[in-house]
Amino acid sequence: MTFNQIVWKMAKVQYKKYLFYFLCNSFAIMFFFMFSTVYFNERIEQAKKLEGLQGALMIPAVALVVFTIFFIGYSHNIFMKRRGSEFGLFMTLGMTKRDIAKVLLLENGVIALLSIFSGILGGAVFSRLFFLILMNSVGLQEIPFHISGKMLLYTLIAFLAVFSTAVGYSLFRTLHRNVIQTLKSNKVAETIKMKSPVLGGFGFVVMIGSLLFFYFTFSQATDGLVLLWTGTLLGGLYLSLYQFTSFFIELAKKNKPFYYRRLLFLTSLDYRFKQLTSVLMLVTVMIMVTLFFTTVLLAFYQSAKKEALERNPYDIAFIQTETKNNLPMEEVYSILDRKENRVQKHLEIPVYTYYKKTKWDWQYQYVFMPVDHFNQLTSDQKTVGPREYLYFMNENPDYGESNSDYEEGISLTSGTKQVSYSLKAKIIRNEMNSNLGFNDILVVSNAEWEYLLNNVKGFESTIHLINVENWESSMDAVEELGKRFTSYNQSTSPITDVRTEHISEEELFQIISKVEDYHSSKNVNGILFFVMTFISIIFFFGSFILLYLHIFADIEQEKGKFKKLYKIGITLKEVKRMITQELMMLFFLPAILGSTLAFLFIVIMTTDSGGIMKNLDIALHFFIIAAIYLCIQTGYLLYARKKMVQHLTE
C-alpha cells in the first residue's frame, strides 16, 4: 500500500475532522462576503461619502476582520492539533518531512478552494435573504442588492492572507518537530502557568476605574483618551476573565462544605476558563460592541422624526438676499401652496450680518435682528434700550452652550469710530430651523437696527419661515423649489466675499426643511442600523461556533476523563449536572459581561443628554435587544448540552 493510499484511507475514516474544518472556513468566508455585500454596496458607498458614514461603518468592519483572523486561525490550530498523531504515524512508517509538507499543502489547498466556492455561494444566498428581510424592516427599499468584483476580491484577499499565514505557521512547526513530539502533540495538555486571584482582583479594579473615568469625563474626553481608557478596560477584562475561576475558588475555599462538594466542577472549570480566555474575551467584546451599537442606532433610527421636529420648528426655511434665492413670492407660492397641502404660516425675518476681523485675521460674525421681528417670531413683548442687545440663542435649552464673547458686550466699527453695545439679557430657545446657520443672534431696538443698516458695513438678508398643512407630504414641493432656486442663483454673479470663506454658496442658500432632515436622518441611521444588525447576526452565529468549536475540539480527551470518573463511582446524573453547569458558565458569562458593559457604555453616553433616566427609550431598546440575544444564547446552550451529553455518555 502506498503512502497516498494510506493517507486517503485515513481521510475517509476521519472525515468528520475534515468536514468540520471545511465548514469553519466556509462560514468565515460566508460571513465576510455577506458583510462585503453591504459595505461595498453602491448606494451605501455613496452614503458613506455624502453623509459621513465612513468612520461609523469602519468600526464593525474592523471588528469583523479581527473576528475572521481569530476564527480562521483558531479552527486551523484545532485541525492541526487533531492531525498531529497522524503525521507522527506517517513519519514512523518512513514518510519524510517533505512528504508531510506536500500532504499538508494539498489538504489545505483543496479545503481552501472548496471553502471559497461554498462560502461565496452561501454568502450570496443568505445576504440576499437578509437584504430582503432587513431592508423591509427598516424601510430602506431604495438600497438594491448586487454583487460586484470588489466584494469578491476583498473577500478572497482577506481569507487567503489569513489562511496562508495559518498554514505557513503550522507547516513551520510541523517540519521542526521530531517524531515523538509530533506523535504526542494532541496528547499534551495545555499548561496553565499562572493562578493569581490577586491579579484577577486587580483586573476587576482596572475595569471599574476605567468605567468611572469614562462616566465623569465623557463630555470633555478627547478621542485619544477614550481610546486609551477603552484599551485599559479591555486589558482589565482579560485579566478578570483569566483569573476569574482562581478568584472564585479562593472565595469558595472559605466555605469548606460548598468547596468540597463542587471540587471536581471547580477545578475543571478553572482549566477550561484559562484555556478559553482568548475565546471568551473575543465573544464578550463582540457581544458588547453589537449590543451597544445596535441599541444606539435603533434609538437614533426611531427618533429621526422626533429630532427632525425639534431641529426644525418650521416646515420650510431659507435665506434670501438681493441676488440669491430672490424669486418672486408668487412663484414661491405657486410651488409650495398646493391645493392638497396649503401654506399655513409665513414669516419674513430680516437679519443683518457684520463680520469683524480680529488680530489673528479671523472673521467674527455678529447677526442682528430688530426687536419687533423677534417678538413676532417668539410671541414675546421684549424691549431693548439704546446701545443694548438681547443675546438670543436658537438652541434647545437642555443642550445649548452659550458663547461667552457675546455675553461680555460687543464693539463695532462705524465709519471711523467704535460703537459698543452691552448685554441686557440672554434667551435660549429653539424658534428657527437650526441648520440655517443663525444660532447666535443679537436682538436690538428698531432704532439701533436702522442705525446699523446705515452706518455699519454688513450684509442684509431675510429669513423665510414657512409652515404647511402636512410637512410629511412636502418633499416634492421642497425639491421643486430647490431646483428653481439653484437655477436662479446660477444666473446671478457668485458671492466671493467673506460670507463664503468658510461655507459654500450652495450650502449657505440651501433650503432647510423638516421633511429633508427627517429623510436624511432616517436614511443615515437606517443604513447604520441595517449594517449593525447584519453584523450582529454574523457575530451571534460566529460566537456560538467559536465556543462550540473549542468545546468539542477535545471531546475524545473529555470522553476518556469521564470514563475514568465512572470507574471511581461518578453517576450519569452527576455527569450531566457537571456538563450543564460548565456550559452555562461558558455560554452565559460572556453574554452577561458583554451585556453589562454595553449597558454601562450607554449610561455613560447619555450623560450629555440628561442621563439614562431622561432617555428611557434607549434603555428599553437595549433590554429588548439583550433579551433577544439571551434567548438565542439559551437555544445555543441547550443544543450544545444535548450534543455533549450524547458524546460523553454514549
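Keep in mind it's a predicted model, so treat the numbers as computed, not measured.

1. Some words on the overall build of the protein chain
At step 1: The helix and strand tally for the protein chain stands at 24 helices and nine strands.
At step 2: Looking at the protein chain residue by residue over its 650 residues, the buried ones come to 50%.
At step 3: Long-range pairs, those at least 24 residues apart, make up 84% of the contacts in the protein chain between residues at least 6 apart in sequence.

2. Description of the packing of helix α13 (residues 277-302) against helix α23 (residues 572-605)
At step 1: Contact geometry for α13 and α23: axes closest at 8 Å, N-to-C directions at 40°. Relative to α23, α13 is oriented oblique. At the point where α13 passes α23, the crossing takes the right-handed sense. On α23, the residues touching Leu280, Val283, Thr284, Ile287, Met288, Leu291, Phe292, Thr295 and Val296 of α13 are Leu586, Pro590, Ala591, Leu593, Gly594, Ser595, Leu597, Ala598, Phe601, Ile602 and Met605.
At step 2: Each residue belonging to the contact of α13 with α23 can be placed in one class, and the counts come to 16 nonpolar, four polar and no charged.

3. Regarding the nonpolar core
At step 1: Counting residues in hydrophobic clusters, the biggest one holds 119 residues, and the most contacted among them are Leu64, Phe67, Leu291, Ile538, Ile579 and Phe587.
At step 2: In terms of residue count, helix α21 (residues 514-551) provides more of this core than any other element does, 19 residues in total.
At step 3: Beyond its immediate stretch of four places on either side in the chain, Leu291 contacts Ser595, Ala598, Phe622, Ile625, Ala626 and Tyr629.
At step 4: Counting 26 residues, the second-largest nonpolar core is a separate cluster that includes Leu390, Met432, Leu436 and Val443.

4. Focus on the side chain of Asn394
At step 1: Tracing the backbone through its elements, the reader meets Asn394 in the loop between β4 (388-393) and α17 (404-407).
At step 2: By relative accessible area, Asn394 is classed as buried at 0%.
At step 3: Polar contacts involving the side chain of Asn394 include one to the main-chain amide nitrogen of Met432, which spans 2.9 Å.
At step 4: Residues contacting Asn394, with those up to four places away along its chain left out, are Arg429, Asn430, Glu431, Met432, Asn433, Ser434, Phe438 and Asn439.

5. What to know about the packing of aromatic side chains
At step 1: For the structure shown, the criterion picks out 13 aromatic pairs.
At step 2: Considering the side-chain rings of Phe159 and Phe163, the 5.1 Å spacing of their centres and the 25° angle between planes classify their relative orientation as stacked. Taken together, the positions of Phe159 and Phe163, both in helix α6 (residues 149-175) and four residues apart, correspond to about one turn of that helix. There is no split in this pair, since Phe159 and Phe163 are both buried.
At step 3: Pairing Phe374 with Phe392 gives two aromatic rings, centres 5.2 Å apart and planes at 65°, and the pair type is edge-to-face. Taken together, the residues Phe374 in helix α16 (residues 371-378) and Phe392 in strand β4 connect sequence positions 18 residues apart.
At step 4: Look at Phe392 and you get buried, because its relative accessible area is 0%.

6. A word on helix α15 (residues 329-336)
At step 1: For α15, the complete set of buried residues consists of Val332, Ile335 and Leu336. Seen end-on, α15 carries its buried residues on one side only, within an arc spanning 90°. Residues Glu330 and Ser334 are exposed on α15 and point more than 90 degrees away from its buried face.
At step 2: Contacts made by the buried residues of α15 are with β1 (316-320), β2 (343-357), β8 (459-468) and α19 (475-490).

7. Quick look at the environment of Asn439
At step 1: Position of Asn439 among the secondary structure elements: in the loop between β6 (417-428) and β7 (440-444).
At step 2: Setting aside residues up to four positions removed in sequence, Asn439 forms contacts with Phe392, Met393, Asn394, Glu395 and Ser434.

8. Here we look at the environment of Asn615
At step 1: With respect to the helices and strands, the residue Asn615 is situated in the loop between α23 and α24 (616-649).
At step 2: If we ignore the near neighbours within four places in the chain, the residues touching Asn615 are Thr606 and Ser609.

9. Considering the pattern of salt bridges
At step 1: Scanning the model with the defined rule gives 13 salt bridges in all.
At step 2: A salt bridge links Arg311 to Glu307, with the shortest nitrogen-to-oxygen separation between them at 3.5 Å. With a gap of four residues between them, Arg311 and Glu307 both fall in helix α14 (residues 304-311), about one helical turn apart.
At step 3: Residue Arg311 is classed as partly exposed on the basis of its relative accessible area of 25%.
At step 4: Look at Glu307 and you get partly exposed, because its relative accessible area is 25%.
At step 5: With its nearest N and O atoms 3.2 Å apart, the salt bridge here joins Lys426 to Glu407.

10. Remarks on a nonpolar patch on the surface
At step 1: Nonpolar side chains collect at one region of the surface, where Phe117, Leu121, Val125, Phe126 and Leu129 lie side by side and expose about 510 Å² of accessible area between them.
At step 2: Residue placement: Leu129 occurs in helix α5 (residues 97-138).

11. Looking at the packing of helix α8 (residues 197-217) against α23
At step 1: Two numbers describe how α8 lies on α23: the axes approach to 9 Å, and their chain directions differ by 25°. In terms of orientation, α8 and α23 fall into the roughly parallel class. Seen along the crossing, α8 lies across α23 with a hand that is right-handed. Judged by residue contacts, Met207, Leu211, Phe214 and Tyr215 of α8 engage Leu597, Leu600, Phe601, Val603 and Ile604 from α23.
At step 2: Of the residues contributing to the contact of α8 with α23, the split by class is nine nonpolar, no polar and no charged.

12. What to know about the pairing of β6
At step 1: Pairing between β4 and β6: six bridges, direction parallel. Bridge assignment links Met393 to a residue of β6, and that residue is Ile428.
At step 2: Looking at chain direction, strand β5 (residues 410-414) and β6 are connected through five bridges and run antiparallel. Bridging from a neighbouring strand, Thr413 pairs with Gln418 of β6.
At step 3: Between β5 and β6, which pair antiparallel in sequence order, lie two residues; one of them, Gly415, sits at a positive phi of approximately 70°.

13. Structural notes on the confidence of the model for the protein chain
At step 1: Confidence along the protein chain averages 78 in pLDDT terms, with 82% of residues attaining 70 or more.
At step 2: Segment residues 188-192: pLDDT under 50, and eight contacts once partners within four positions in sequence are set aside and those in other chains are kept.

14. Some thoughts on unusual backbone geometry
At step 1: Unlike most non-glycine residues, Asn325 shows phi in positive territory, near 55°.
At step 2: Assignment of secondary structure puts Asn325 in the loop between β1 and α15.
At step 3: Since its relative accessible area comes to 0%, Asn325 is described here as buried.
At step 4: Positive phi values are uncommon outside glycine, yet Ser379 reaches one of about 60°.

15. Notes on the environment of Gly385
At step 1: Checked against the element boundaries, Gly385 lands in the loop between α16 and β4.
At step 2: For Gly385 and Val444, which are 59 residues apart along the polypeptide, the C-alpha to C-alpha distance reads 7.9 Å.

Procedures and definitions
Residues numbered from 1 in each chain as written. Predicted model: local features only at pLDDT ≥ 70, side-chain atom pairs only at ≥ 80, totals over all residues. Heavy atoms only, no water. Helix = DSSP H or I, 4+ residues; strand = E, 2+ residues; numbered from the N terminus. Buried < 20%, exposed > 50% of the residue type's maximum accessible area, 1.4 Å probe, protein only. Contact = heavy atoms within 4.5 Å. Axes fitted to C-alpha atoms, helices over the stretch in contact; angles between N-to-C directions. Parallel < 35°, antiparallel > 145°, perpendicular 65-115°, else oblique. Left-handed = near helix turned anticlockwise from the far one by under 90°. Nonpolar A, V, L, I, M, F, W, Y, C, P; charged D, E, K, R; others polar. Core = buried A, V, L, I, M, F, W, Y, C linked by side-chain atoms within 4.5 Å. Polar contact = N/O pair within 3.5 Å; in protein donor to acceptor, adjacent residues only side chain to side chain. Phe/Tyr/Trp six-rings, centres within 6.5 Å; stacked < 30°, edge-to-face > 60°. Arc of directions from axis to C-beta. Salt bridge = Lys/Arg side-chain N within 4 Å of Asp/Glu carboxyl O. Patch = residues over 30% accessible without salt bridge, like charges linked within 9 Å, V, L, I, M, F, W, Y side chains within 5 Å. Areas by Shrake-Rupley, 256 points an atom, 1.4 Å probe, with all protein chains shown as cover. Pairing = 2+ DSSP bridges. pLDDT = per-residue confidence, 0-100.

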